[in-house]
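# Reading the structure
The primary structure of each chain is shown beneath.
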Amino acid sequence: QVQLVESGGGLVQAGGSLRLSCAASGGIFSSNAMAWYRQAPGKQRELVASITSRGTTNYAESVKGRFTISRDTAKNTLYLQMNSLSSEDTAVYYCNMLHLSKLYWGQGTQVTVSS
């Protein structure tokens, strides 16, 4: 059974940085595509960044140049480095993994950016 656990969220001032982590277990981490999504209050969940099993990355236009997605296969962990944060980035951030044609989600971690 795949389990994803996010951490690293918190309260940060505008212009600051945070690094989110997503620890994965129960799946073959290195062979699965993974992604970060976020959901702000009253809004739909949206894709932030994704990474394929080969390391190809994709970013939402709103975070390009500020966020970096990466993975450490030795630690079975997905990361999201977030720089130059603004209040628009306030949301619950979720990681997901596509494993054997099924999509798994973590429980989410809250990121709040104060202006």
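Shown above is the structure to which this text applies.
Rules used in this analysis
Numbering of residues starts from 1 in every chain and runs along the sequence as written. Residue-level local features of this predicted model are given only where pLDDT is at least 70; pairs of side-chain atoms are given and counted only at 80 or more, and the full residue set underlies all totals for whole chains, interfaces and linings. Remark: hydrogens and water are excluded; side-chain values derive from all non-hydrogen atoms of the structure. Runs of H or I in DSSP of at least four residues are treated as helices and runs of E of at least two as strands, each being numbered from the N terminus. Throughout, the radius of gyration refers to the C-alpha atoms, and the reference size of a globule is 2.2 Å times the residue count to the power 0.38. Exposed residues in this analysis have more than 50% of their type's maximum accessible area, buried residues have under 20%, and partly exposed residues fall in between, with area computed by a 1.4 Å probe over protein chains only. In what follows, residue pairs with any heavy atoms lying within 4.5 Å of each other are defined as contacts. Per-residue and other accessible areas follow the Shrake-Rupley method at a 1.4 Å probe size, with only the shown protein chains counted as cover for residues. Residues counted as positive are Lys and Arg, residues counted as negative are Asp and Glu, and His and the chain ends are not counted. Taken as the charge location is NZ of Lys, CZ of Arg, CG of Asp or CD of Glu. Two strands pair under a simple rule: DSSP has to find at least two bridges between them. Lines fitted to C-alpha atoms define the axes here, with helix axes fitted over just the stretch in contact, and angles between the N-to-C directions of these axes take values from 0 to 180 degrees. What counts as a ring pair is set by centres within 6.5 Å for rings of Phe, Tyr and Trp (its six-membered ring), and what kind of pair is set by the plane angle: stacked under 30 degrees, edge-to-face over 60, tilted for all other angles. Geometrically, a charge over a ring is one whose NZ (Lys) or CZ (Arg) sits within 6 Å of the ring centre while staying within 35 degrees of the ring normal.

## What to know about the overall build of the protein chain
A tally of regular secondary structure across the protein chain gives zero helices and 11 strands. Ordered by position in the sequence, the α and β elements of the protein chain form the string β-β-β-β-β-β-β-β-β-β-β. A globule of 115 residues ought to have a C-alpha radius of gyration of about 13 Å, and the protein chain, at 13 Å, matches this closely. Reported as C-alpha extents along the three principal axes, the dimensions of the protein chain are approximately 40 × 25 × 25 Å. Out of the 115 residues belonging to the protein chain, those deemed buried represent 42%. Taking contacts inside the protein chain between residues at least 6 apart in sequence as the whole, the part at least 24 apart equals 54%. In the structure as shown, the protein chain presents an accessible area of about 6100 Å², 47% of it carried by carbon and sulfur atoms. Side-chain charges of the protein chain comprise 10 positive and 6 negative groups, with the mean position of each set lying 6 Å from the other.

## With respect to the sheet that holds strand E3 (residues 18-25)
What the four strands build is an open sheet, ordered E1-E3-E8-E7; its pairing is antiparallel. Two strands close off the open sheet at either side, each with one partner strand: strand E1 (3-7) and strand E7 (67-72). Recorded for the sheet is a direction-independent mean angle of 15° between the axes of neighbouring strands. Bridge count for E3 against strand E8 (residues 77-82) is six bridges, and the pairing is antiparallel. Its bridge partner being in E8, Cys22 is matched across the sheet by Leu78.

## Description of the packing of aromatic side chains
Summed over all chains, the structure comprises two aromatic pairs. Here the aromatic rings of Tyr37 and Trp105 are separated by 5.1 Å at their centres, their planes lie at 70°, and the arrangement is edge-to-face. Linking Tyr37 in strand E4 (residues 33-39) with Trp105 in strand E10 (residues 102-105), this pair joins segments that are 68 residues apart in sequence. Judged by centre distance (6.4 Å) and plane angle (85°), the ring pair of Tyr94 and Trp105 falls under edge-to-face. Of this pair, Tyr94 sits in strand E9 (residues 91-99) while Trp105 sits in strand E10; the two residues are 11 residues apart in sequence, bridging distant segments of the chain. What links up through ring pairs into an aromatic cluster is the set Tyr37, Tyr94 and Trp105. The lysine or arginine in question, Arg45, covers the ring of Tyr94, its NZ or CZ lying 3.7 Å from the ring centre. Its end group placed over the ring of Trp105, Arg45 keeps NZ or CZ at 4.6 Å from the ring centre.

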